[in-house]
Amino acid sequence: MGHDITGYSDAACDHEVAYLRRGAFNEIARAIYIALGATEHDCGCSGCGTVAYFSRTALEGALQKLPIGEEYEPERKFINDMLAKSGVGAWVTFS
């Protein structure tokens, strides 16, 4: 069990541009949901199996909401990969 969060550049979720995995009981897993304003996609020990679209502005804002610290670098990389590879925004699956 765990949080597998994947970013895609297309609505069909065919072109993966970013990936983040956090263990089921890792408290840091909540940080990405909070930063993206997507806590409704967190079903506890994993994501809910849902998809959401985040605009470039929302992704940039999420970077600002992440706590400072080396332990959050995977979350920063995840968001930066989406910004660099997706253009105007990204679709994210939470599973």
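I will try to describe carefully the structure that is included in this document. Along each chain, the written sequence defines residue order, and numbers are assigned to residues from 1. The predicted origin of the model limits local features to residues at a pLDDT of at least 70 and limits the giving and counting of side-chain atom pairs to 80 or more, whereas totals for whole chains, interfaces and linings rest on all residues. The basis for every side-chain value is the complete set of heavy atoms in the structure, and neither hydrogens nor water enter the calculation.

1. What about the nonpolar core?
Soluble globular proteins: nonpolar side chains tend toward being buried together.
Logical step 1: Take the buried Ala, Val, Leu, Ile, Met, Phe, Trp, Tyr and Cys residues and link them wherever side-chain atoms come within 4.5 Å; each set so joined is a nonpolar core. Exposure classes here rest on a 1.4 Å probe applied to the protein chains alone. A residue is buried below 20% of its type maximum, exposed above 50%, and partly exposed in between. By size, the foremost hydrophobic cluster in this structure holds 25 residues, and its most contacted members are Phe78, Ile79, Met82 and Phe94.
Logical step 2: The helix count covers DSSP runs of H or I at least four residues long, the strand count covers runs of E at least two residues long, and both are numbered beginning at the N terminus. Taken together, the elements giving at least two residues each to this core come down to strand E2 (16-23), helix H1 (29-36), strand E3 (50-55), helix H2 (56-65), helix H3 (73-86) and strand E4 (89-94).
Logical step 3: When near neighbours in sequence (up to four residues on either side) are disregarded, Phe78 contacts Ile5, Thr6, Gly7, Ala18, Tyr19, Leu20, Ile32 and Val92. In what follows, a contact means two residues having at least one pair of non-hydrogen atoms within 4.5 Å.

2. Things to note about the side chain of Glu75
Logical step 1: In this fold, Glu75 is placed in helix H3.
Logical step 2: Looking at Glu75, the relative accessible area reads 0%, which means it is buried.
Logical step 3: Leaving out residues up to four positions away in the same chain, Glu75 has contacts with Leu20, Arg22, Ile28, Ile32 and Leu66.

3. Some thoughts on the environment of Cys48
Logical step 1: Its place among the elements puts Cys48 in the loop between H1 and E3.
Logical step 2: Ignoring anything within four residues of it in the chain, the contact list for Cys48 reads Glu40, His41, Asp42, Cys43 and Phe94.

4. Looking at the environment of Trp91
Logical step 1: Relative to the helices and strands, Trp91 is located in strand E4.
Logical step 2: On the basis of relative accessibility, which here comes to 23%, the residue Trp91 falls in the partly exposed class.
Logical step 3: Along the primary structure Trp91 and Tyr53 are separated by 38 residues, whereas in three dimensions their C-alpha atoms are 4.3 Å apart.
Logical step 4: Apart from residues no more than four positions distant in its own chain, Trp91 is found in contact with Thr6, Gly7, Tyr8, Ser9, Asp10, Ala11, Cys13, Val51, Ala52 and Tyr53.

5. Side note on the packing of H2 against H3
Logical step 1: Here H2 crosses H3 at 155°, and the two axes come no closer than 10 Å. Judged by the inter-axis angle, H2 sits roughly antiparallel to H3. In terms of crossing hand, the pair formed by H2 and H3 is left-handed. Along its contact with H2, which presents Arg56, Leu59, Glu60, Ala62 and Leu63, the element H3 presents Arg76, Ile79, Asn80, Met82 and Leu83.
Logical step 2: For this classification, Asp, Glu, Lys and Arg are treated as charged, while Ala, Val, Leu, Ile, Met, Phe, Trp, Tyr, Cys and Pro are nonpolar and the rest, including Gly, are polar. Considering only residue class, the contact of H2 with H3 consists of six nonpolar, one polar and three charged. Axis angles are defined between N-to-C directions and span 0 to 180 degrees, where every axis is a line fitted to C-alpha atoms and, for a helix, only to the segment in contact. Our angle categories are set so that under 35 degrees counts as roughly parallel, over 145 as roughly antiparallel, 65 to 115 as roughly perpendicular, and the remainder as oblique. By convention the crossing between two helices is left-handed if the near helix lies anticlockwise of the far one by an angle smaller than a right angle, and right-handed if it lies clockwise.

6. Digging into the state of the cysteines
Logical step 1: Defined by distance alone, a disulfide is two cysteine sulfur atoms within 2.5 Å. Scanning the model with the defined rule gives one disulfide in all.
Logical step 2: Bridging Cys43 to Cys48, the disulfide has an S-S length of 1.7 Å. Sign of the S-S torsion, about 100° for the bond between Cys43 and Cys48, identifies this disulfide as right-handed.
Logical step 3: Residue classification places Cys43 among the partly exposed positions, given a relative accessible area of 45%.
Logical step 4: With no disulfide partner, Cys45 has as its closest neighbouring cysteine sulfur the one in Cys43, 8.4 Å distant.
Logical step 5: Residue Cys45 is classed as partly exposed on the basis of its relative accessible area, which comes to 26%.

Honestly, that's just the spatial picture; any functional story needs more than this.
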